[in-house]
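What the coordinates show
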Amino acid sequence: MTVADPLSEAEIATHLENVPNWRRVGDSITAAYRIRYHGGVAMIVHVADIERLISHHADIDLRWDHVRFTVTTHDAGYKLTLADFDLAQRIDKIAHAHEAVSLVDD
């Protein structure tokens, strides 16, 4: 299996356990973090630097008091892959470094 191969339902469930800040929405995973606007901009730039290095990108929605990331693998037919969960873990670490607070129930 490569990082771009779609995961089975059982594999997705297992990987979701490793990213508790993330929720599945169809064939994507999403997480939101409370952070003020300018802090969110800085966090997005940090995430974008990592995304460029790993060649995998999230859809990002920045609001005045939070930022939301949604991840799926476009090259795998908009399915979830290992690359998505790797990026989710990286985003969690970046969010922590920026003192963003997870909005798990949002």
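Please read all numbers here as calculations on a predicted model, not as lab measurements.

Criteria and thresholds
Residues numbered from 1 in each chain as written. Predicted model: local features only at pLDDT ≥ 70, side-chain atom pairs only at ≥ 80, totals over all residues. Heavy atoms only, no water. Helix = DSSP H or I, 4+ residues; strand = E, 2+ residues; numbered from the N terminus. Rg over C-alpha atoms; globule rule 2.2 N^0.38 Å. Buried < 20%, exposed > 50% of the residue type's maximum accessible area, 1.4 Å probe, protein only. Contact = heavy atoms within 4.5 Å. Areas by Shrake-Rupley, 256 points an atom, 1.4 Å probe, with all protein chains shown as cover. Lys, Arg positive; Asp, Glu negative; His and termini not counted. Charge placed at Lys NZ, Arg CZ, Asp CG, Glu CD. Patch = residues over 30% accessible without salt bridge, like charges linked within 9 Å, V, L, I, M, F, W, Y side chains within 5 Å. Salt bridge = Lys/Arg side-chain N within 4 Å of Asp/Glu carboxyl O. Pairing = 2+ DSSP bridges. Polar contact = N/O pair within 3.5 Å; in protein donor to acceptor, adjacent residues only side chain to side chain.

A few words on the overall build of the protein. For the protein, the helix and strand inventory stands at three helices and five strands. Starting at the N terminus and ending at the C terminus, the protein contains elements arranged as α-β-β-α-β-β-α-β. For 106 residues, the compact-globule formula gives about 13 Å, and the C-alpha radius of gyration of the protein, at 13 Å, lands near that figure. Dimensions of the protein along its principal axes, counting C-alpha atoms only, are 40 × 30 × 20 Å. Within the protein, buried positions represent 37% of all 106 residues. Contacts in the protein between residues at least 24 apart in sequence constitute 69% of all its contacts with a sequence separation of at least 6. Accessible area of the protein: about 6100 Å², with a carbon and sulfur share of 53%. Each charge class in the protein can be summarised by its mean position, and for the 10 positive and 17 negative side chains these summaries are 5 Å apart.

Next up on the list: a nonpolar patch on the surface. Side chains of Y37, V41, V45 and W64 sit close together on the surface and give an oily, nonpolar patch of about 410 Å² of accessible area. A relative accessible area of 47% means that V45 is categorised as partly exposed.

Direction of pairing for strand β2 (residues 28-34) relative to strand β4 (residues 66-71): antiparallel, over a ladder of six bridges. The partner of A31 across the bridge, within β4, is F69. Alignment of strand β3 (residues 59-62) against β4, held across four bridges, turns out to be antiparallel. Following the sheet pairing, D59 is matched in β4 by T70. Joining the antiparallel neighbours β3 and β4 is a turn of three residues.

Among the structural elements, D65 can be located in the loop between β3 and β4. On the basis of relative accessibility, which here comes to 18%, the residue D65 falls in the buried class. Among the polar contacts listed, one links the side chain of D65 to the side chain of H66, at a separation of 2.8 Å. In this structure D65 touches Y33, R34 and I35, once residues within four positions along its chain are discounted.

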